[in-house]
Amino acid sequence: MKLYCLSGHPTLPCNVLKFKSTTIMLDCGLDTTSVLNFLPLPLVHSPRLSKLPGWVLKDGTLNLEKELKECAGRVFVDSQPEFCLPERELLDLSTIDVILISNYHCMMALPYITEHTGFTGTVYATEPTLQIGRLLMEELVNFMERVPKAQSATCWKNKEIQRMLPGPLKDAVDVWTWKRCYSMQEVNSALSKVQLVGYSQKVELFGAVQVSPLSSGYSLGSSNWIIQSHHEKVSYVSGSSLLTTHPQPMDQSSLKNSDVLILTGLTQMPTANPDGMLGEFCSNLAMTIRAGGNVLVPCYSSGVIYDLLECLYQFIDSANLGTTPFYFISPVANSSLEFSQIFAEWLCHNKQTKVYLPEPPFPHAELIQTNKLKHYPSIHGDFSSEFRQPCVVFTGHPSLRFGDVVHFMELWGKSSLNTVIFTEPDFSYLDALAPYQPLAMKCVYCPIDTRLNFHQVSKLLKEVQPLHVVCPEQYTQPPLTQSHRSDLMLELQPPPMPYRRCSVLNLPFRRRYERVYILPELANSLVPSEVKPGVSVATVSAVLQSKDNKHTLQSVPKAPPVAPSKKRKRVMEEPPVTMAPKPLLSGAVPLEAFLATLQKHGITEVKVEETADGHILHLQAEDTLIQLEEDGTHIVCDNNEPLRATLRDLVLRFLQKL
């Protein structure tokens, strides 16, 4: 069993598992942190960005002013943002049979995998994962396509040139493999390969293994996966949460008795408590609005935004924010808010009960009805005529490189009354803000990450007790910035097997058993013999048929009687040659009793020698050796067949025939 690791990002995994003749891809996360190296894409022409100076090496030997721009001491690529894809050279991706998706954040690279590698398999995901994943992909394509860039920067990617660039561009990995965003046509084609599954539904893969999704408690429809055969079990844990938020709670008990547990997607903010961050978010928002400023919340169009709106719903009246408008701007804002209300069976119990009252499970429905929350596809159109300040705007993209958020950063960045509040943990907020410096607006960092922290995961692993744990190498050592914090890493016995991008792991367990079925008529013909109390053994002569990874013992076909005839018959398929089975022997030859038997038969001169495996008997007068071992008896006798046959019969007296 092998694991190929195609992504080094611990929360955006992409691994391939080879297990019992099946090749299974576990998630295909898209590492979007690469976009931080690019200049933002403004929706409206930005004089500030267009006037940024080009970058030239100090001694003037390297001039890339058309491709690279300098802003506040940092250098950015002036081109369409590009993404770091999962590794595509480590194995032939056309051999992948199935792709299992754990949540909508971990499927953003799907079109790159299914459309350009010869992939012909099936993708399995839950319905909310598919629908919300589609919205996030649609939003990403929309953000990119509405601000097309004429030129494409490639010179800076040359290895010799990249070495001379300032950091972090100099340290960017595999820049030649970075790709522009896919098209909507590729998204639709990729998602047409998805087959929907429900929690605990068992899906057979070629009769070899069975896969089944379990609730992971992190987001709507998010799953962990069980991959098992009759005798082996692999659990894949990705993006899970034990906190009580809007999704169904995590199913932990089904992870028990795993031979291998592959662990990814732990919290990126192990020291930030989500409840504390929500409180800080609300108080900073209220302070800014009271001072007459605007609040900008760069966020994804699904996920944490539902919890933020719920938290604000409870907070608005107590903080006297009743008249402040809340705007949610995204090409998919309407669909996202509606989807969250219709996926009732994927919600936690308390929200499910509301559906039967009937009430909307999320309070943002009431915010929309009372006109406190308004949603728009973009800043153009209705929004520009209805927009009033001070207000709170939720919009994407959290990287601040594309989407409507770029416009608000340019619009509000010059005033210290305004605040930008970062809630998504995927991007370093300092790197996200770099191309907007110098910035007057206040910045607040309240990362809300509900995924498992190290304390919770250690407790979980103690309960489910897998034999082996495999995880990204980042989890086996403390963070670089807090090297003294040994509580921010996984400490297990035996130690976990770490992986990094491009590593291939031989997973440490061997398949020892295979299930074989026996046909009823063959079973009926068996004659069991008891070898010891409670244990019976029977010999069987059969034909082993293997088809679709199922093995069956069938009766040996009898040769058909040949009718005497002068005419030539077509050559029939010859049945397998059957040999009369030799009797099997069981038991042990007791030394003292055997010596006494030899004496009765006139063999008296016997020299006994003890060995590691048993005894050697030297019959001196007959010049013969008998080796008595645990699993066999050997008679070494030259040119005296009658004596050998006599000794064999004496040995057989002590053994049981089957």
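Small disclaimer: the values here were computed from a predicted structure and weren't measured.

1. Quick look at the overall build of the protein chain
- The secondary structure content of the protein chain amounts to 17 helices and 33 strands.
- For a compact globule of 658 residues, the expected C-alpha radius of gyration is about 26 Å, and the protein chain comes in at 35 Å, more than 25% above that figure.
- Contacts in the protein chain between residues far apart in sequence, at least 24 positions, make up 70% of those at least 6 positions apart.
- Of the accessible surface of the protein chain, which amounts to about 32,100 Å², a share of 52% is contributed by carbon and sulfur atoms.
- Taken as two groups, the 58 positive and 65 negative side-chain charges of the protein chain have centres that lie 4 Å from each other.

2. Focus: the nonpolar core
- Ranked by internal contacts, the top residues of the largest apolar core, which has 111 residues, are M25, F83, I99, L110, F281, F394 and M409.
- The element contributing the most residues to this core is helix α3 (residues 127-145), with nine residues.
- Two domains each put at least three residues into this core: domain 1 (2-267 + 451-506) and domain 2 (274-445).
- The residues touching M409, leaving out its near neighbours within four places in the chain, are L296, L400, V420, L433, Y436, L439 and M441.
- Core analysis: the second largest hydrophobic core is formed by 26 residues, L17, L26, V197 and V211 among them.

3. Observations regarding the side chain of D259
- Position of D259 among the secondary structure elements: in the loop between β12 (233-237) and β13 (260-263).
- Buried within the structure, D259 lacks any salt-bridge partner; K233 is the closest side chain of opposite charge, at an N-O distance of 8.6 Å.
- Each residue touching D259, except ones within four places of it in the same chain, is listed here: H231, E232, K233, L467, H468 and F509.

4. Re the UniProt feature "domain: Beta-Casp" (unreviewed entry) in the protein chain
- Here the UniProt-annotated "domain: Beta-Casp" (unreviewed entry) positions come out as residues 305-433.
- What you have in residues 305-433 is 40% helix and 12% strand, and the ends, taken at the C-alpha atoms, are 21 Å apart.

5. Looking at the domain arrangement of the protein chain
- Domain parsing of the protein chain yields domain 1 (2-267 + 451-506), domain 2 (274-445) and domain 3 (585-657).
- One C-alpha centre belongs to domain 2, the other to domain 3, and the line joining them spans 89 Å.

6. Brief notes about the pattern of salt bridges
- The final tally for this structure, using the stated rule, is 17 salt bridges.
- The shortest N-O distance in the salt bridge between R644 and E641 comes to 2.8 Å. Placement of the pair is R644 and E641 together in helix α17 (residues 641-652), with a separation of three residues, close to one helical turn.
- Judged by its relative accessible area of 26%, R644 is partly exposed.

7. Considering helix α16 (residues 591-600)
- Within α16 the residues assigned to the buried category are L591, F594, L595, T597 and L598. Down the axis, α16 shows its buried residues gathered within 160° of arc, on one side only. Looking at α16, the residues exposed on the side facing more than 90 degrees away from the buried face are E592, Q599 and K600.
- Buried residues in α16 make contact with β29 (606-610), β30 (614-619), β31 (624-629) and α17.
- Within two residues after α16, G602 carries a phi angle of roughly 80°, on the positive side.

8. Notes on helix α5 (residues 184-191)
- For α5, the set of buried residues is V187, A190 and L191. End-on view of α5: buried residues confined to an arc of 90°, all on one side of the axis.

9. Some remarks on the sheet that holds strand β27 (residues 550-554)
- Here three strands make up an open sheet; going across it, the order is β23-β27-β26 and the pairing mixed. Either end of the sheet is taken by a strand with one partner, and the two such strands are β23 (516-518) and β26 (543-547). Averaged over neighbouring strand pairs, the angle between their axes works out to 30° when direction is ignored.
- Examined bridge by bridge, β23 and β27 share three bridges and lie parallel to one another. Bridged to V516 within β27 is H551.

10. Topic: the packing of aromatic side chains
- Evaluation of the coordinates by the stated rule reveals 19 aromatic pairs.
- With centroids separated by 4.9 Å and ring planes inclined at 75°, the aromatic side chains of Y199 and W346 adopt a geometry described as edge-to-face. On the criterion of sequence distance, the pair formed by Y199 in the loop between β8 (194-196) and β9 (203-205) and W346 in the loop between α8 (333-342) and α9 (349-355) is long-range, its members being 147 residues apart.
- Both rings, one in F339 and one in F343, keep their centres 5.4 Å apart while their planes meet at 10°; by these two values the pair is stacked. Each member of the pair, F339 together with F343, is buried.
- An aromatic cluster of three or more residues is present, and its members are Y327, Y376, F383, F387, F408 and W412.

11. A word on the pairing of strand β4 (residues 68-71)
- Two elements, β4 and strand β5 (residues 74-77), share four bridges in a ladder whose sense is antiparallel. Considered in β5, the bridge of L68 is made with V77.
- Here β4 folds back onto β5, and the loop between the two strands holds two residues, one of which, A72, carries a positive phi near 50°.

12. Comments concerning the side chain of T624
- Note that T624 resides in strand β31.
- Side-chain polar atoms of T624 contact the backbone oxygen of E622, separated by 3.1 Å.
- Not counting residues up to four positions away in its chain, the partners in contact with T624 are L617, H618, L619, I635, V636, C637, L643 and L647.

13. A few points about the state of the cysteines
- Enumeration over the complete set of coordinates arrives at zero disulfides.
- In this model C299 remains outside any disulfide bridge; the closest cysteine sulfur is found in C446, 13 Å from its own.
- Cysteine C311 remains unbridged, with the sulfur of C282 as its closest cysteine sulfur at 3.3 Å.
- Judged by relative accessible area, C311 falls into the buried class, the value being 16%.

14. Quick look at the packing of helix α6 (residues 274-290) against helix α7 (residues 304-315)
- The contact between α6 and α7 brings their axes to 11 Å, and the two run at 60°. Between α6 and α7, the crossing angle belongs to the class labelled oblique. Classified by chirality, the crossing of α7 by α6 is right-handed. For the pair α6 and α7, contact is made by L278, F281, C282, S283, L285 and A286 and by L308, C311, L312 and F315, respectively.
- For the contact of α6 with α7, a count of residues per class yields nine nonpolar, one polar and no charged.

15. Points about the pairing of β30
- Where β29 and β30 come together, five bridges link them in antiparallel fashion. Among the inter-strand pairings, K607 is bridged to a residue of β30, identified as H618.
- The loop that links β29 with its antiparallel partner β30 comprises three residues.
- Strand direction decides the pairing type here: β30 and β31, joined by six bridges, are antiparallel. When the sheet's bridge partners are listed, L617 is paired in β31 with I626.
- Between β30 and β31, which follow one another and run antiparallel, lie four residues, and D623 among them has a positive phi close to 50°.

Thresholds applied
Residues numbered from 1 in each chain as written. Predicted model: local features only at pLDDT ≥ 70, side-chain atom pairs only at ≥ 80, totals over all residues. Heavy atoms only, no water. Helix = DSSP H or I, 4+ residues; strand = E, 2+ residues; numbered from the N terminus. Rg over C-alpha atoms; globule rule 2.2 N^0.38 Å. Contact = heavy atoms within 4.5 Å. Areas by Shrake-Rupley, 256 points an atom, 1.4 Å probe, with all protein chains shown as cover. Lys, Arg positive; Asp, Glu negative; His and termini not counted. Charge placed at Lys NZ, Arg CZ, Asp CG, Glu CD. Core = buried A, V, L, I, M, F, W, Y, C linked by side-chain atoms within 4.5 Å. Buried < 20%, exposed > 50% of the residue type's maximum accessible area, 1.4 Å probe, protein only. Domains from an automatic or database assignment. Salt bridge = Lys/Arg side-chain N within 4 Å of Asp/Glu carboxyl O. UniProt positions renumbered as here; feature names shortened; annotations may be inferred. Arc of directions from axis to C-beta. Pairing = 2+ DSSP bridges. Axes fitted to C-alpha atoms, helices over the stretch in contact; angles between N-to-C directions. Phe/Tyr/Trp six-rings, centres within 6.5 Å; stacked < 30°, edge-to-face > 60°. Polar contact = N/O pair within 3.5 Å; in protein donor to acceptor, adjacent residues only side chain to side chain. Disulfide = S-S within 2.5 Å. Parallel < 35°, antiparallel > 145°, perpendicular 65-115°, else oblique. Left-handed = near helix turned anticlockwise from the far one by under 90°. Nonpolar A, V, L, I, M, F, W, Y, C, P; charged D, E, K, R; others polar.

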